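A structural walkthrough
Below, each chain spelled out in residue letters.
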Amino acid sequence: MYRNDDIVSERHVQAIWYDAALRPGELRTAGGAPVRVVDPGRWNLEAGPDFRDAVLEIGDDRRRVRGDVEVHVRAADWTAHGHGRDPAYAGVVAHVTWHPGPPPVADDGTLPPHCVRICIGDALRTRPDFSPDAIDLAAYPYAHLPDTPRPCELTFAHAPDAALALLRAAGERRLEGKARRLAALFVRNGDRAQTFYEEMMAAFGYKHNARPFRALAQTLPWRELPPSPHAAATALTCAADLGVAPRVPWRTANVRPSNSPARRIDEAALLFAGALPGLLRRLDACDLAVRKGQQDALDILRAARPLGARRAAAMLTNVLIPFARAEERLARVPEWIFPEDINSTVRLMAFRLFGRDHNPALYAGNGLLVQGLIQTHREYCLAVHPDCSSCPLAGQVR
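Residues numbered from 1 in each chain as written. Predicted model: local features only at pLDDT ≥ 70, side-chain atom pairs only at ≥ 80, totals over all residues. Heavy atoms only, no water.

Bringing the overall build of the protein into the picture now. The secondary structure content of the protein amounts to 15 helices and seven strands. Seen through its principal axes, the protein has C-alpha atoms that stretch 70 × 55 × 35 Å. Every one of the 398 residues in the protein was classed for burial, and the buried ones make up 52%. Across the protein, the fraction of contacts at a sequence separation of at least 24, relative to all contacts at a separation of at least 6, is 64%. Entry remark: accessible area of the protein is about 18,500 Å², with carbon and sulfur atoms responsible for 52%. (Helix = DSSP H or I, 4+ residues; strand = E, 2+ residues; numbered from the N terminus. Buried < 20%, exposed > 50% of the residue type's maximum accessible area, 1.4 Å probe, protein only. Contact = heavy atoms within 4.5 Å. Areas by Shrake-Rupley, 256 points an atom, 1.4 Å probe, with all protein chains shown as cover.)

With six of its eight residues buried, strand E4 (residues 51-58) lies for the most part within the structure. With four bridges joining them, strand E2 (residues 34-39) and E4 adopt antiparallel strand pairing. Note on E4: the bridge partner recorded for Val35 is Ile58. With two bridges connecting them, strand E3 (residues 42-43) and E4 associate as antiparallel partners. Of the residues in E4, the one forming a bridge with Arg42 is Arg52. Note: E4 against strand E5 (residues 63-72), six bridges, orientation antiparallel. Across the sheet, the residue bridging to Phe51 is Val69, located in E5. Here E4 folds back onto E5, and the loop between the two strands holds four residues, one of which, Gly59, carries a positive phi near 85°. (Pairing = 2+ DSSP bridges.)

Moving on, we come to the pairing of strand E6 (residues 92-97). Summarising burial for E6: six of the six residues are buried, a large majority. Examined bridge by bridge, E5 and E6 share five bridges and lie parallel to one another. Bridge pairing links Asp68 to Val92 in E6. Bridge count for E6 against strand E7 (residues 116-119) is four bridges, and the pairing is parallel. Bridge pairing in E7 links Thr97 to Cys119.

Another aspect to go through is the nonpolar core. Among the nonpolar cores identified, the biggest contains 59 residues, and Phe196 and Phe272 are the most heavily contacted of them. Residue assignment for this core shows that the elements contributing at least two residues are helix H5 (160-189), helix H6 (192-204), helix H7 (206-219), helix H8 (229-244), helix H9 (261-272), helix H10 (276-284), helix H11 (291-302) and helix H12 (309-326). Here the element with the most residues in this core is H12; it accounts for ten residues. Ignoring sequence-local partners within four residues, the contact set of Phe272 consists of Phe196, Tyr197, Met200, Met201, Phe204, Leu225 and Leu279. (Core = buried A, V, L, I, M, F, W, Y, C linked by side-chain atoms within 4.5 Å.)

Summed over all chains, the structure comprises 19 salt bridges. Arg263 serves as the salt-bridge partner of Glu267, at 3.4 Å between the closest nitrogen and oxygen. Of this pair, Glu267 and Arg263 both sit in helix H9, four residues apart, roughly one helical turn. Classification of Glu267 as buried rests on a relative accessible area of 2%. (Salt bridge = Lys/Arg side-chain N within 4 Å of Asp/Glu carboxyl O.)

Okay, the environment of Pro257 next. Relative to the helices and strands, Pro257 resides in the loop between H8 and H9. Spatially, the C-alpha atom of Pro257 lies 23 Å from that of Gly82, the residues being 175 residues apart in sequence.

Before going further, it helps to examine the side chain of Thr29. One can find Thr29 in the loop between strand E1 (27-28) and E2. Take Thr29: its relative accessible area is 12%, and that puts it in the buried class. Discounting residues that sit within four places of it in the chain, Thr29 has contacts with Val35, Ile58, Val116 and Arg117.

Listed below in structure tokens is the structure:
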């Protein structure tokens with residue numbers, strides 16, 4: 001019987017919730033209703049709730065709920081961490097803790113409506129085979145996936161050529177879709193330079209600040225940028241503070257200093273101030289169908305700023321290539337693209353397709369395959385989650 005609670009960390013509780021081999025088989029809410037974990041959710045490595053898109057069945061009638069799960073050691077940590085007043089936690093459907101405790105009071109920010117409280121510590125303390133010391137925390141989340149049947153892995157883990165063909169086609173669909181959206185923007189804006197400027201500014205914002213950066217480009221169009229990079233950075237900062245922030249909030253929590261909005265505004269000013277038409281002419285001259293032309297484009301993007309190679313590659317993939325396809329300067333999506341960073345969605349999808357022991361070199365060296373993993377996740381995983389047995393992906397390939 002395990003008695004020393006002092007070494008149980010939040011990371012331990014996350015691993016226990018995620019791994020069916022560790023999670024108690026019988027769970028109940030604080031009110032005594034039985035809980036069946038259909039899917040513990042996607043382990044969130046960024047800001048916000050610990051697990052996204054969990055699926056639970058609650059009560060004797062097995063009422064199915066979907067949403068986020070937040071994990072803590074103590075029930076009071078919900079209040080201590082300020083989650084009750086944070087809109088990012090409004091979708092939490094289960095608050096999972098090691099220790100039991102009362103729900104937070106209204107003055108401190110209550111749990112979202114219909115959020116259930118689940119304590120897993122009491123069930124594990126009575127198990128003679130349980131010890132938190134035996135949990136390899138470094139192995140989570142990717143070395144351990146939820147214990148759910150993965151028909152795609154049964155098909156693709158031993159047929160990498162079929163998987164790669166699937167990912168190439170999915171990557172092409174994703175980038176062709178981006179090209180169609182850009183073509184529609186050309187018609188709406190009537191200004192290819194402004195369209196390019198808005199798309200590139202969104203790329204400077206990364207995932208979390210893409211929307212406010214796009215709004216910034218619309219608030220301060222490229223034609224109104226001062227020619228001096230310093231003056232352009234000042235103008236962009238003023239527009240961001242006065243024109244954008246009140247309408248589209250900036251995300252600053254858990255953002256690396258190198259990715260901060262202020263840093264990216266300075267880099268954008270260096271790239272665009274007084275130089276956008278010339279920049280477009282130089283990029284138009286690059287043959288993006290071949291590796292040499294892609295490298296030339298990356299060199300142009302990185303010439304005046306401390307922009308990382310992977311971030312520049314993301315701009316190549318998500319802006320330059322779709323832009324060229326939209327204008328029909330590129331006959332088709334290239335079969336090989338400089339790779340960008342591998343994010344959590346890509347890693348999770350790769351583990352589902354290829355299994356735990358696959359070699360990331362299968363896809364990590366080609367940006368088209370990375371895009372294919374993202375597209376496959378959106379087309380299939382999100383559509384059938386969590387009932388993988390009904391997924392048509394493997395059957396279609398067979």
